[in-house]
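A closer look at the structure
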Amino acid sequence: MNASLFSLFQSRFPADVTRPFIETEDGKIRNYAELDAVSARFANLLVRLGVKKGDRVAVQVEKSPEAIFLYLACLRAGAVYLPLNIAYQKGEIEYFLGDAEPQVMVCRPETVDWIGEIAARKEVPHVLTLDQAGGGTLIERSKDMKPDFTTVPVKGDDLAAILYTSGTTGRSKGAMMSHGNLAANALTLHRVWGFGPGDVLLHALPIFHTHGLFVAINCVLLNGTGMLFMPRFDADTAIRLLPRATMFMGVPTFYVRLLAHAEFARDIVRRMRLFIAGSAPLLTETFNAFRERTGHTILERYGMTETGMLTSNPLDGDRLAGSCGMPLPDLELRVADDAGKAVAVGEIGVIEVRGPNVFGGYWRMPDKTRAEFRPDGFFITGDVGKIDAHGYVYIVGRAKDLIISGGFNVYPKEIEDYIDRIDGVVESAVIGIPHPDFGEGVVAVIKQRPGGSPTADSIAQRLKGELANFKLPKRIYFLDELPRNAMGKVQKNVLRDRYKDAFGPGR
Ligand code: AMP
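Within any chain, residue numbers begin from 1 and follow the written order of that chain's sequence. Local features are withheld for residues below a pLDDT of 70 in this predicted model, meaning they are given only at 70 or higher, and side-chain atom pairs are given and counted only at 80 or more; totals for whole chains, interfaces and linings count all residues. Values shown for side chains rest on all heavy atoms present in the structure; no hydrogens or waters enter the calculation.

**Looking at the overall build of the chain**
The way it works is that DSSP assigns letters per residue, a run of H or I at least four long becomes a helix, a run of E at least two long becomes a strand, and they are numbered from the N terminus. When helices and strands are tallied, the chain shows 15 helices and 25 strands. This radius of gyration counts C-alpha atoms alone. The globule rule is 2.2 Å times how many residues there are, raised to the power 0.38. Against the 2.2 N^0.38 benchmark of 23 Å for 507 residues, the chain shows a C-alpha radius of gyration of 23 Å, consistent with a compact globule. Taken over the C-alpha atoms alone, the chain extends approximately 65 × 55 × 50 Å along its principal axes. When each of the 507 residues of the chain is scored for burial, the buried share is 58%. By definition in these notes, contact holds between two residues if any of their heavy atoms fall within 4.5 Å. Expressed as a percentage of contacts within the chain between residues at least 6 apart in sequence, the contacts between residues at least 24 apart total 67%. All accessible areas in this document rest on Shrake-Rupley with a 1.4 Å probe, and a residue is counted as covered only by the protein chains that are shown. When the accessible surface of the chain is split by element, carbon and sulfur atoms take 51% of a total near 20600 Å². The charge count includes Lys and Arg as positive and Asp and Glu as negative, but it does not include His or the ends of the chains. We put the charge of a Lys on NZ, of an Arg on CZ, of an Asp on CG and of a Glu on CD. Between the centroid of the 60 positive side chains of the chain and the centroid of its 60 negative side chains there is a distance of 1 Å. Whether a residue is buried, partly exposed or exposed follows from its accessible area with a 1.4 Å probe, protein chains only, as a fraction of its type maximum: under 20%, in between, or over 50%, in that order.

**Overview of the domain arrangement of the chain**
With domains assigned, the chain is organised as domain 1 (5-177), domain 2 (233-398) and domain 3 (402-498). Between domain 2 and domain 3, the C-alpha centre-to-centre distance is 28 Å. Residue-level contacts link 7 residues of domain 2 with 9 residues of domain 3. Values labelled buried area give the accessible surface lost by two parts on being combined, using a 1.4 Å probe and summing over both. Here domain 2 packs against domain 3, burying approximately 620 Å² in sum over the two surfaces, 46% of which is carbon and sulfur. The largest contributions to the domain 2 side of the interface with domain 3 come from Thr253, Arg257 and Arg398, which together make up 64% of the buried area. Whenever Lys or Arg places a side-chain nitrogen within 4 Å of a carboxyl oxygen from Asp or Glu, that contact is recorded as a salt bridge. At the junction of domain 2 with domain 3, the criterion picks out 1 salt bridge. Residue aspartate 437 pairs with arginine 257 through a salt bridge whose shortest N-O separation is 3.1 Å. Counted as a polar contact is a pair of N or O atoms within 3.5 Å, where, for protein atoms, one must be capable of donating a hydrogen and the other of accepting one, and residues adjacent in sequence contribute only when both atoms are in side chains. Applying the counting rule to domain 2 against domain 3 returns 1 residue pair in polar contact (both at pLDDT 80 or more). The biggest single contributor to the side of domain 2 that touches domain 3 is helix H10 (residues 252-259), with 3 residues. Think of it as three bins: nonpolar holds Ala, Val, Leu, Ile, Met, Phe, Trp, Tyr, Cys and Pro, charged holds Asp, Glu, Lys and Arg, and polar takes everything else, Gly as well. Class assignment of the residues belonging to the side of domain 2 that touches domain 3 gives a composition of 3 nonpolar, 2 polar and 2 charged. Where each domain begins and ends is defined by an automated method or by a domain database.

**Overview of the site of the ligand**
Residues are classed as near a molecule or strand on a simple rule: at least one heavy atom within 4 Å of it. Not every one of the 17 residues close to the ligand is listed here, only the nearest: His209, Glu300, Arg301, Thr305 and Asp383. Within the backbone of serine 279, an N or O atom sits 3.2 Å from a nitrogen atom of the ligand. Take arginine 301: an N or O atom from its main chain is 2.8 Å from a nitrogen atom of the ligand. Notes on the ligand: free accessible area 500 Å², of which the protein chains cover 95%. Top element by residues in the shell around the ligand is strand S13 (residues 299-304). It accounts for 5 residues. Class assignment for the residues of the shell around the ligand results in 7 nonpolar, 6 polar and 4 charged.

As C-alpha cells, this is what we get:
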C-alpha cells in the first residue's frame, strides 16, 4: 500500500469534487477537482525538472491556494517539501539552500533576482516564481502539463517535509517529517477535535509553519471540506469572515487582537464550533476575557515543529486556563529529570515524548539528533512543565532559551551572533520581555568597546535586511558590563528583570 500522505487525503476527498476547498478573500473558490488537476500539473513539472523521490523543493512564497497545491504536488511526486518563512532574508536563504541542497527553489517574483544569485552559487538547478495572485513561472511552465499524475509510492518513514527550526546554537536545524509522522498526527487531531461534514475553517495562519500547514491544512484535507483563506491575520477581516466559519485556529496574539476590536461580539461567532489556540502560551486573562465576550471556551493545545501536536484540552470535558490539556492518544509523554527519569505527579521537569508523530531527526545533524533523543526513543522537547493528578499538562517555561514573539520563535543566540559581529560591539545578550501585543518582544542589551561608536539606530539598520523582521530587537540598550554568574554565564534573568517594563509598566 502506498503510505503517501497525499493518497490518504485523496481517499477522503468528497465524492462531489466540485465542493469547495479554498475560498480566497476575493470570493474565488478552488474546488477539489482543481486541487487534483493543478497539483498534478505541478507534480508533472517537478518530475520534468528532474525531481526524484527524496529531492528537496524549497518554497518561499506568499500564502495562496497555489502554494498549497505546490505542497500537495511535492507529496505526490515523493519530493520533500521545504517551506520557508517569507520574512527570511539573504543570510538565512543562503544557509538553507546550502544546507538542504534543493533541486528546485520556488520564490516570489520580487525576490527572484537575489535568490537567483544565491541559488546559482549554491548550485540549485532550478528557480521558479509564484506570486500571491497565482501567477509566475511555476504557473506558466506547468500550463501544458497533464492534469493527472500517479502518486509516487512511498513508505511511511520516507520524508515528506523538512521544516527548519531556529537552533539554540544559532544554526537552524531541519526537522525531518515523514509521511507517517504527518499522517498519524493529522488523523489524531481530526478525530479528537471532532471534525465533521459541516465544518468550515477560517484559516488565518501562515503556511510555512507546522501550525498553519500541518495542523490546519492537513485536518481540512482529511475532512474533505472547505476553508476561508486570509492572506494574513487582521481583526477586521476575521470579524467579517467568522460568521461563515465553524472553526478557527490561532496563536494567542490573534485572540488578543480580536478582543481589542470593538465590534468583536457574540453574534459574530454564532456559527462557530471550536476556537483553538497554540504555538505560545495563552494567558489566563485572554482565556477568561474571550469566554466572557463570546461564550466560547478556547481549546488550547501544545506542540512543536519536530513532533507535531502533543497535547490538547478536551473537546468534551473541562478546558482549563493555563493548561495545554492532556497528551494526545497514541503519544507517550513524561515529565522527566535530567537523566530522563519520570518525576512524580505535580513535579516540574522537562517534557519528553515518544509516538508515531515524533520526527526521525535533524537533517544532516546526527550528533544533534542523538543529543535530543533518549536511548529509549523519547525526544527531549526542551519545554519545562508538569502534569497534575488529572493528567493535564502545564508548560512553565523553556529549558531552551527561546523567545516567542507574535507566535514566531526567536532564538537569542542567532541574533547575538549577528550583533557581536558588528564593529564596536564587545558582546550582546538578547532576551524576551513581556509585550502587550506580541506576547514577548525581542530586546538586545549590548556592551560596546570603550569609545565604541555604534548607536541603537545604526545597529538596528545593520540587522535589517539580514534577519527576518520578527527577529529584530524592538529595543536596544547599552550597558558597561553584562551581569554574569560565578560560572561566567550571562545572567539573562537579571536582564529580564531590569528591562521588564521595556514595553510598558507592569506587563
Ligand atoms: P514551534 O516549533 O515553532 O511550533 O514552537 C514550539 C514551541 O512553542 C514549543 O516547544 C513550546 O515552547 C511553544 N509552545 C507551543 N504551544 C504552546 C502552548 N500551548 N503553551 C506554551 N508554549 C507552547
